Amino acid sequence: IMPADDWDEYLLLDPYEESRKEGRAQGLEAGLRAGFRDGHTIGKVKALEIGIELGYMHSIAVSSLEIMRRAVEKDDGDTENTTSKLAAEKRIK
């Protein structure tokens, strides 16, 4: 028995094999392209969400530090000593 090298013999075994292979290759390529676009879009949205959260956290931290500075200055009125007090408090925590 000779190997089935002829195209007609493969066609007789499974007439849809070539179409299936071609469709699979096209589907994989289209899926990769669509997946890249979707991933890129989702990445942009997530980056925006994270940026907003970080901005919010930063503003809370800055506001809290300003409130603490004002409270310390109000207590003793000495601004030079205030900075060293805040640094000392930071080292303790």
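Quick notes on the rules
Residues numbered from 1 in each chain as written. Predicted model: local features only at pLDDT ≥ 70, side-chain atom pairs only at ≥ 80, totals over all residues. Heavy atoms only, no water. Helix = DSSP H or I, 4+ residues; strand = E, 2+ residues; numbered from the N terminus. Areas by Shrake-Rupley, 256 points an atom, 1.4 Å probe, with all protein chains shown as cover. Salt bridge = Lys/Arg side-chain N within 4 Å of Asp/Glu carboxyl O. Buried < 20%, exposed > 50% of the residue type's maximum accessible area, 1.4 Å probe, protein only. pLDDT = per-residue confidence, 0-100. Patch = residues over 30% accessible without salt bridge, like charges linked within 9 Å, V, L, I, M, F, W, Y side chains within 5 Å.

### Observations concerning the overall build of the chain
A tally of regular secondary structure across the chain gives 3 helices and 0 strands. Ordered by position from the N terminus, the helices and strands of the chain form the series α-α-α. Of the roughly 8600 Å² of accessible surface on the chain, 62% is carried by carbon and sulfur atoms.

### Here's the deal with the pattern of salt bridges
Enumeration over the complete set of coordinates arrives at 3 salt bridges. Here lysine 46 ties to glutamate 49 by a salt bridge, and the two come within 3.1 Å at their closest N and O atoms. Of this pair, lysine 46 and glutamate 49 are both found in helix H2 (residues 17-76), 3 residues apart, which corresponds to roughly one turn of the helix. With a relative accessible area of 38%, glutamate 49 lands in the partly exposed category.

### Side note on the confidence of the model for the chain
Overall, the predicted model of the chain reaches an average pLDDT of 79, with 66% of residues at or above 70. Within the chain, helix H1 (residues 7-13) has the poorest average pLDDT of any element, 61, and H2 the best, 90.

### Concerning a nonpolar patch on the surface
On the surface, Ile50, Leu54, Tyr56, Met57 and Ile60 cluster together into a nonpolar patch covering about 540 Å² of accessible area. Within the secondary structure layout, tyrosine 56 lies in helix H2. By relative accessible area, which is 53% here, tyrosine 56 ends up exposed.

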